[in-house]
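Descriptive structure summary
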Amino acid sequence: MPDSVTGHEKLHWSGYSYYIDLSGGILAEYEPEELEQVRTQIGEPYAVYVSCQSMDAARAFLRRVLPDCTGLVDTNHFEILQADEFLVLVDRYPQWDWRRLPSTDLQ
């Protein structure tokens, strides 16, 4: 259902709450070279921004949604990873906080 304040979609699923922006407006926050990197990997991007209450909520959502997606995940830590590669890392390192630790530092 749409949120009356933000206009974003609200989702309540598996005990978690999410706000989802399907407008693609998040692409305005990317640097031109980041967008070029994305275009060379997958073509013209379609971006979805998801905000949630915790890393557990994020993991639950991404584990459910990403297996059916061919695309990229921006970790917000200067990394843009293939969705399948991202899921492998999430499964291998269940406590990984990709917002704070780059995948290259995982051991």
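Right above here is the structure, for reference.
Right, let's walk through the structure included here.

Cut-offs applied
Residues numbered from 1 in each chain as written. Predicted model: local features only at pLDDT ≥ 70, side-chain atom pairs only at ≥ 80, totals over all residues. Heavy atoms only, no water. Pairing = 2+ DSSP bridges. Helix = DSSP H or I, 4+ residues; strand = E, 2+ residues; numbered from the N terminus. Phe/Tyr/Trp six-rings, centres within 6.5 Å; stacked < 30°, edge-to-face > 60°. Buried < 20%, exposed > 50% of the residue type's maximum accessible area, 1.4 Å probe, protein only.

**Overview of the pairing of strand β1 (residues 9-13)**
Here 5 bridges tie β1 to strand β2 (residues 16-21), and the two strands are oriented antiparallel to one another. Looking across to β2, one finds that Trp 13 is bridged to Tyr 16. From the end of β1 to the start of β2, which pair antiparallel, there are 2 residues, and Ser 14 there has a positive phi angle of about 50°.

**Quick word on the packing of aromatic side chains**
Within the structure shown, the criterion is met by 6 aromatic pairs. Look at Tyr 18 and Phe 61: their rings are 5.0 Å apart centre to centre, the planes differ by 40°, and that puts the pair in the tilted class. In this pair, Tyr 18 sits in strand β2 while Phe 61 sits in helix α2 (residues 55-65), placing the two residues 43 residues apart along the sequence. With relative accessibility at 13%, the residue Phe 61 sits in the buried group. A centroid spacing of 5.7 Å and a plane angle of 45° characterise the contact between Phe 86 and Trp 96, whose relative ring orientation is tilted. A residue pair is termed long-range when its members are at least 10 positions apart, and Phe 86 in helix α3 (residues 83-92) and Trp 96 in the segment after α3 qualify at 10 residues.

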